[in-house]
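Coordinates in review
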Amino acid sequence: MTYAISQNCCNDATCISVCPVNCIHPTPGERDFGSTEMLYIDPAACIDCGACADACPVDAVFPVESLTGPQRAYAEINAAYYADAPAPRPAADSPNFHSWSEPSFPRTLPSDFTAPRVAIVGTGPAGMYAAEDLLLHTAAEVTLLDRLPVAGGLLRYGVAPDHPATKGIGDSFARFHSHPRVRMLLGVEVGQQVTAEEVSAHHDAVVYAVGAPGDRRLGIPGEETAGSLAATTFVAWYNAHPDVPADAIDLSAPRVVVVGTGNVALDVARILLTDPEELAGTDIADHALAALRASAVREVVLLGRRGPQDAACTRPELRALTSMSGVRPAVDDHDPRTGAAIDAAGPQEKAALLRGIPRERMDYSAPAASGPRRLVFRFHSAPVEVREAVGDGRAARGDLDVRVTGEAGGTGIRAGMLLRAVGYRGAPVPGLPFDEKSGTVPHESGRVTGLTGSYVVGWIKRGPTGGIGANRSCAAETVATLLGDAADGSLPQPSGSAKAFRRLAKRRSSHVVDARGLAAIDRAEQARGRRAGRPRSKLATVPALVDASKSRLPLPR
């Protein structure tokens, strides 16, 4: 019996590091690492030891014999990867049974190295991978900062609630929240309560892991019309982000248009169409669950500017979307290139997953019909204008007319909501340089350009690409650069102490939450969830989070 990696793969390569026979690829040293959708286990080399399954932080590795239903396809997917791209084999004169790369020790520290005091701004995956690297491999002292009074970042507020295994990686990060060399100052925003200069003055180095909180724009007339929203707003709404109020989303119309074919677009489409009772067993926001139970949405139209072969999502996410229970998928057959691309797709191409789905010419001029929920893929289409739909001489409240390309003269799609899922975008950090074109902070291997002692990691460093696991190698590069600067004595000497900085933060912010407060929030949310028969019920406002943090019980062990 061999093992296979399934849909939840996070690509952080923890499984690779524990595999005794090097049968998981691509590895961090191989060219395809970071560009493949997931990692793959070679069925011919796997020795059935289960080390990868034990180490996987997101429960994505299973024995092949245990896979059932749609998951069984991952046995074939893992095997097919090696049929197309055989794994490296040892040289003929090698004493090894499996191929191994040359040992590498890129980080060397002098014996008298003084561990630095490092502030990490942001507690999402990128920041926590950097903290993990520092805490496990050095004696560094770490201050964790976040503008919200709760940790997690995109892991808490960006991962869809029906992907609980993906959120499981948060458990591995949580063990560092109460680490003896960590101090948490949540509810403190750099650029508001404290300045970047003040953070630097109290630490040897500062790592910014602030992500990409903004969204890309479509740049079309009517984009700001009521009912036209960023998909990031919808994601934050169903994940109980304090920045998005409970009444921000209106689901009273039967059709929603989602612009984009990336994983975020698929996430919002899936949440809109999933039976709410299936979501009732997740940590979805209470207000979102109530709204979805009362939702009138029966149809979601996914707009792709290019063809199905160019969809930006991963194959595992597309496979899951097209096999949803109780949802009837359809492909809009308005453009002959769509069907041709699906028919010509090879077995490993995303377009092949749409083969067998009915193709229809759609009429979007009327509201979506009642009946089974429907998901429509419309490719070779892009929105060109959003305006209020007019009927009986006046605009219908909450009703949009989305004009899209794709046919002579364009097509109008009547919808209750338009969600823009065309990408995230970084925002400037006061006190740091910023590249407006790329939405990132300029850097060299993580070192902020022109700012000694300041570093970046994650999406603010490389742009909004790559999933959770991609941040591990990204953080490793940044931490290696930081430690190299520390070892050669190029870090500036801080003028203030860690204790002085904590006093400063608490003086400036009225709701600083530390590790004990974070543990209290966790207990409160889990208790709320138990009362509702759910794993967790998130607190959705800053005051509620701060109030919950004040229950001072011992830290969990």
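So, how was this worked out
- Residues numbered from 1 in each chain as written.
- Predicted model: local features only at pLDDT ≥ 70, side-chain atom pairs only at ≥ 80, totals over all residues.
- Heavy atoms only, no water.
- Core = buried A, V, L, I, M, F, W, Y, C linked by side-chain atoms within 4.5 Å.
- Buried < 20%, exposed > 50% of the residue type's maximum accessible area, 1.4 Å probe, protein only.
- Helix = DSSP H or I, 4+ residues; strand = E, 2+ residues; numbered from the N terminus.
- Contact = heavy atoms within 4.5 Å.
- Phe/Tyr/Trp six-rings, centres within 6.5 Å; stacked < 30°, edge-to-face > 60°.
- Axes fitted to C-alpha atoms, helices over the stretch in contact; angles between N-to-C directions.
- Parallel < 35°, antiparallel > 145°, perpendicular 65-115°, else oblique.
- Left-handed = near helix turned anticlockwise from the far one by under 90°.
- Nonpolar A, V, L, I, M, F, W, Y, C, P; charged D, E, K, R; others polar.
- Salt bridge = Lys/Arg side-chain N within 4 Å of Asp/Glu carboxyl O.
- Pairing = 2+ DSSP bridges.
- Right-handed = clockwise from strand over helix to strand, strands pointing away.
- pLDDT = per-residue confidence, 0-100.

Once that is clear, we can look at the nonpolar core. Across soluble globular proteins, you tend to see nonpolar side chains buried next to one another. If you look at the biggest cluster of nonpolar residues, it comprises 72 residues, and the most contacted ones within it are Ile5, Ile24, Ile41 and Ile120. At 7 residues, the largest contribution of residues to this core is made by helix H4 (residues 125-137). If we ignore the near neighbours within four places in the chain, the residues touching isoleucine 24 are Ile5, Cys15, Ile16, Cys19, Leu39, Tyr40, Ile41, Cys52 and Tyr82. If you look at the next biggest cluster of nonpolar residues, it comprises 47 residues, including Val235, Ala236, Leu292 and Val297.

A separate point is the environment of alanine 75. Within the secondary structure, alanine 75 is located in helix H3 (residues 73-84). Setting aside residues no more than four positions away along its own chain, alanine 75 makes contact with Ala4, Val64 and Leu67.

Taken as a whole and assessed by the stated rule, the structure comprises 7 aromatic pairs. Ring plane angle 85° and centroid distance 5.4 Å describe the contact between phenylalanine 234 and tyrosine 238, whose orientation is recorded as edge-to-face. Of the two residues, phenylalanine 234 and tyrosine 238 are both situated in helix H9 (residues 231-238); the distance of 4 residues between them amounts to about one turn of the helix. One aromatic cluster in this structure is built from Tyr40, Tyr81 and Tyr82.

Further remarks concern the packing of H9 against helix H10 (residues 263-273). Closest axis-to-axis distance for the H9/H10 pair is 10 Å, and the angle between their directions is 50°. Judged by the inter-axis angle, H9 sits oblique to H10. Along this stretch, H9 crosses H10, giving a crossing that reads as left-handed. Where H9 approaches H10, its residues Ala231, Phe234, Val235 and Tyr238 are matched on the opposing element by Val264, Asp267, Val268, Ile271 and Leu272. In terms of residue class, the contact of H9 with H10 is made up of 8 nonpolar, no polar and 1 charged.

For the structure shown, the criterion picks out 35 salt bridges. Among the salt bridges present, the one from aspartate 332 reaches arginine 378, with a minimum N-O distance of 2.9 Å. Here arginine 378 lies in strand E15 (residues 373-378) and aspartate 332 lies in strand E13 (residues 327-332), a separation of 46 residues in the sequence. For the salt bridge of glutamate 385 with arginine 387, the shortest nitrogen-to-oxygen distance reads 3.5 Å.

Of all 6 residues that make up E13, 5 are buried, and the element is covered over most of its length. Pairing of E13 with E15 involves 5 bridges; the strand directions are parallel. Residue pairing across strands places arginine 328 opposite arginine 374, the latter belonging to E15. Across 2 bridges, E13 lies against strand E14 (residues 359-360) in parallel orientation. Along E14, the bridge assignment pairs aspartate 332 with glutamate 360. What joins E13 to E14 is helix H14 (residues 336-344), and the crossover it makes is right-handed.

Attention now goes to the sheet that holds strand E10 (residues 228-230). Judged by pairing direction, the sheet is parallel, and its 7 strands sit side by side in the order E10-E19-E11-E12-E15-E13-E14 without closing on themselves. Edge strands, defined here as strands with exactly one partner in the open sheet, are E10 and E14. Contacts from H9 reach E10 and strand E19 (417-420), with the element oriented near 70° to E10. The sheet contacts of H10 involve strand E11 (255-259), strand E12 (299-303), E13, E15 and E19, and relative to E12 the element is tilted by about 170°.

Further remarks concern the confidence of the model for the protein chain. For the protein chain, mean pLDDT is 91; residues scoring 70 or higher make up 93% of the total. Segment residues 392-398 is flagged for pLDDT under 50; beyond a separation of four residues in sequence, or across chains, it makes 8 contacts in the model.

One way to put it is that H4 packs onto helix H16 (residues 470-487) with a least axis distance of 8 Å and a crossing angle of 50°. In terms of orientation, H4 and H16 fall into the oblique class. For the crossing formed where H4 meets H16, the hand is right-handed. Touching Pro125, Ala126, Tyr129, Ala130, Asp133 and Leu134 of H4 are Asn471, Arg472, Ala475, Ala476, Val479 and Leu483, all from H16. Considering only residue class, the contact of H4 with H16 consists of 9 nonpolar, 1 polar and 2 charged.

This part covers the pairing of E19. By the alternation rule, side chains of E19 split into Met417 and Leu419 and Leu418 and Arg420, which are all buried. With 3 bridges joining them, E10 and E19 adopt parallel strand pairing. Considered in E19, the bridge of leucine 229 is made with leucine 419. As judged from the 4 bridges shared by E11 and E19, these two strands associate in the parallel manner. In the sheet register, valine 257 faces E19, and the bridge partner there is leucine 418.

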